[in-house]
Amino acid sequence: MRRLVLICFITIWGFFLALPASADQLPTTPFSDSSATTTNQSGLTFSSSTTQKRHHYVIPQNTPVPLEGVRWPSKQVTICMQTDDPHIQQAFRDAVKRWNRTKAIRFRWIKNPNKAEVIAQTGDLDDSQSATVGIVTSQLGATETEFNPDTHTLTRATSTLDSAELDYTSRQFRSRVAQHELGHAIGLAHAPSYAHSVMIPRNIQTGITKNDIKSVRMLYHD
Ligand SMILES: [Zn+2]
């Protein structure tokens, strides 16, 4: 099974030597992102073998938001909560509600982490400190996906939110970070900065947009 790691440096830039940002300021500070290994193989045709017959999925081209080139077998996706942190639980629950409201995808909560396709968890994501004195970036979220390289079908996605970093942000902001990570978990890649999308890593100032919905709908059209 191949791993596609989407390390999503949704980061807060703080000026270390200056006054530390207060909790209220954090959601409005500029964000930086450097995305790691992502493959974008839009335009592929691939097949997925099921028990009886083969389904051919066409990864659509020219979606408003770029795609990773992989998808789940259906738009019904199971998800399991694997964190006790109330803020992070709330963020993932809010994000699932938002995505389900679009009807482009349907997350269903289940209890068994071994049977779930998506894991929602808390983690301590590495912070990176720039060589430039005084700048520290904090990673807020990451999503790691596994897929079958023969069929380009997702087999597992793990979305992680860093509770220590997100504790200082608002409920709305945490929900948007979770919406972004679950976007990766269903096959969305990062959107360019000029797009109107929750998948813009540098500047999460919006939740799920029409562009995001249209892209997921195109990906799971069958
Ligand atoms: Zn991201």
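Quick caveat, the model's predicted, so the values are computed rather than measured.

1. Some remarks on the layout of surface pockets
Link 1 in the chain: Here the second largest pocket defines a volume of roughly 160 Å³.
Link 2 in the chain: Asp-94, Lys-97, Arg-98, Arg-101, Arg-171, Gln-172, Ser-175, Arg-176, Gln-179 and Gly-207 are the residues that line the second largest pocket.
Link 3 in the chain: For the lining of the second largest pocket, the elements supplying multiple residues, two or more each, are α1 (86–102) and α3 (171–185).
Link 4 in the chain: Here the element with the most residues in the lining of the second largest pocket is α3; it accounts for five residues.
Link 5 in the chain: Across the lining of the second largest pocket, the residue classes break down as no nonpolar, four polar and six charged.

2. Details of the nonpolar core
Link 1 in the chain: Judged by nonpolar contacts, the single largest core of 43 residues is most densely connected at Trp-99, Phe-107, Val-118 and Leu-182.
Link 2 in the chain: Those elements that place two or more of their residues in this core are β6 (76–82), α1, β8 (118–122), β12 (153–161), α3 and α4 (210–219).

3. Regarding the environment of Arg-176
Link 1 in the chain: Summarising the element assignment, Arg-176 is placed in helix α3.
Link 2 in the chain: Sequence-wise, Arg-176 and Ile-208 are 32 residues apart; in three dimensions their C-alpha atoms are separated by 7.8 Å.

4. Some thoughts on the pattern of salt bridges
Link 1 in the chain: For the structure on display, the rule yields one salt bridge.
Link 2 in the chain: Across the pair Asp-94 and Arg-171 runs a salt bridge whose closest N-O atoms are separated by 2.9 Å. Separated by 77 residues along the polypeptide, Asp-94 in helix α1 and Arg-171 in helix α3 bring together distant segments of the chain.
Link 3 in the chain: Of the residues examined, Asp-94 reaches a relative accessible area of 14% and is grouped as buried.
Link 4 in the chain: Arg-171 gets classed as partly exposed once you look at its relative accessible area, which sits at 46%.

5. Some remarks on α4
Link 1 in the chain: Looking at α4, one finds that the buried residues are Asp-212, Ile-213, Ser-215, Val-216 and Leu-219. What you see down the axis of α4 is that its buried residues fit within an arc of 165°, all on one side.
Link 2 in the chain: On its buried face, α4 is in contact with α1.

About the criteria used
Residues numbered from 1 in each chain as written. Predicted model: local features only at pLDDT ≥ 70, side-chain atom pairs only at ≥ 80, totals over all residues. Heavy atoms only, no water. 1 Å grid on protein atoms, 1.4 Å probe; cavity = no way out; pocket = protein on both sides within 12 Å on 5 of 7 lines; lining within 4 Å. Points joined across faces, edges and corners; volume = space filled by probe spheres on them. Helix = DSSP H or I, 4+ residues; strand = E, 2+ residues; numbered from the N terminus. Nonpolar A, V, L, I, M, F, W, Y, C, P; charged D, E, K, R; others polar. Core = buried A, V, L, I, M, F, W, Y, C linked by side-chain atoms within 4.5 Å. Buried < 20%, exposed > 50% of the residue type's maximum accessible area, 1.4 Å probe, protein only. Salt bridge = Lys/Arg side-chain N within 4 Å of Asp/Glu carboxyl O. Arc of directions from axis to C-beta. Contact = heavy atoms within 4.5 Å.

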